[in-house]
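Examination of the molecular architecture
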Amino acid sequence: MSYIQLKHTPILTQGSHHEYYRHPESHGKCIRIATDHDGQRSSNREMTFIQLMRGRDRSTKTLPRFYGLIRTDLGLGYVYDFIENYDGTPAPTLADILSDERMLLEHVGIEKLKNLLTFLHEDIIENQIISTKMTPRKILFPKSSDSIIHIYLTEPLGSSALIPLEYISNYF
């Protein structure tokens, strides 16, 4: 496992339990660092879920790709695709779009938004994607060109149940 120093790298964003840094050696990737015990527990839960998805040979177009672990000066890092617009600007979240009518109409459009959310819903069902807390801030809408928009669901993935029956049954 390689080693990267991040302490001089600016934080892209941070949540309650994680900080996100642009990968200094790979522009299209980011590194997520747990900042406390709850963040580490969430990351471990997500790793269990990713291993389950890989074991089931599931392929989804709505989750950022996970590349593996990396040691950093700030602790263990989790390397993912960095979700941004084609021009390098931050991809808006569903919360951004719903709170700004101009953004809704100019960035996505109502019909396209409905189609993308339907696509996400179908992908969640088909690939049995489990999220502990799906909020509008965790759904991103990056543009890959002026006219092509995608949808991604970001963490937290996996089950927080003591006995995660949803991992072994299609019923849940």
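My aim in this report is to walk through the structure given alongside it, one point at a time. (Residues numbered from 1 in each chain as written. Predicted model: local features only at pLDDT ≥ 70, side-chain atom pairs only at ≥ 80, totals over all residues. Heavy atoms only, no water.)

**A look at the overall build of the chain**
Rules: A helix here means a DSSP run of H or I that spans at least four residues, while a strand means a run of E at least two residues long, and both kinds are numbered starting from the N terminus. Within these notes, the globule rule equals 2.2 Å times the number of residues to the 0.38 power, and the radius of gyration is based on C-alpha atoms. For the exposure calls, accessible area comes from a 1.4 Å probe over protein chains only, and a residue counts as buried if that area is under 20% of its type's maximum, exposed if over 50%, partly exposed in between. The contact definition used throughout considers only heavy atoms, calling two residues in contact when any of these lie within 4.5 Å. Residue exposure ignores everything except the shown protein chains as possible cover, and the areas themselves are Shrake-Rupley values with a 1.4 Å probe. When charges are counted, Lys and Arg contribute as positive and Asp and Glu as negative, whereas His and the chain ends are disregarded. A charge is said to be at NZ when it belongs to Lys, at CZ for Arg, at CG for Asp and at CD for Glu.
The helix and strand tally for the chain stands at four helices and eight strands. Here the C-alpha atoms of the chain give a radius of gyration of 16 Å, agreeing with the 16 Å that 2.2 N^0.38 yields for 172 residues. In terms of overall dimensions, the chain has C-alpha extents of about 45 × 45 × 25 Å along its principal axes. Looking at the chain as a whole, 44% of its 172 residues qualify as buried. Sequence separation of at least 24 residues holds for 58% of the intrachain contacts in the chain that already meet a minimum separation of 6. Carbon and sulfur atoms form 52% of the exposed surface of the chain, whose accessible area is close to 10200 Å². A gap of 4 Å separates the mean positions of the 19 positive and 21 negative side-chain charges of the chain.

**Quick look at the packing of aromatic side chains**
Which entries qualify depends on this criterion: Put simply, two rings from Phe, Tyr or Trp (the six-membered ring, in Trp's case) pair if the centres are within 6.5 Å, and we call them stacked under 30 degrees between planes, edge-to-face over 60, tilted for the rest. Look at NZ for Lys and CZ for Arg. If either is within 6 Å of the ring centre and within 35 degrees of the ring normal, a charge sits over the ring.
Taken as a whole and judged by the stated rule, the model has one aromatic pair. The ring of Y67 has K29 lying over it, and the distance from NZ or CZ to the ring centre is 4.1 Å. The aromatic ring of Y78 is capped on one face by R32, whose charged end is 5.6 Å from the ring centroid.

**Some thoughts on helix α3 (residues 101-108)**
The criterion, for reference: Comment: arc refers to directions from the helix axis out to C-beta atoms. In protein, a polar contact means a hydrogen-donor-capable atom and an acceptor-capable atom, both N or O and within 3.5 Å, with residues adjacent in sequence counting only if both atoms are side-chain atoms; elsewhere, any N or O pair within 3.5 Å suffices.
Turning to α3, its buried residues number three or more, namely L104, H107 and V108. The arc that holds the buried residues of α3, viewed along the axis, is 100 degrees, so those residues lie on one side. Residues of α3 that are exposed and point more than 90 degrees away from the buried face comprise E101, R102 and E106. Check the buried side of α3 and you find it contacts α2 (94-99) and α4 (110-126). For α3, the side-chain oxygen to backbone nitrogen distance between the N-cap and R102 is 3.1 Å, and the N-cap itself is D100. Immediately beyond the C-terminal end of α3, within one or two residues, lies G109, with a positive phi of roughly 95 degrees.

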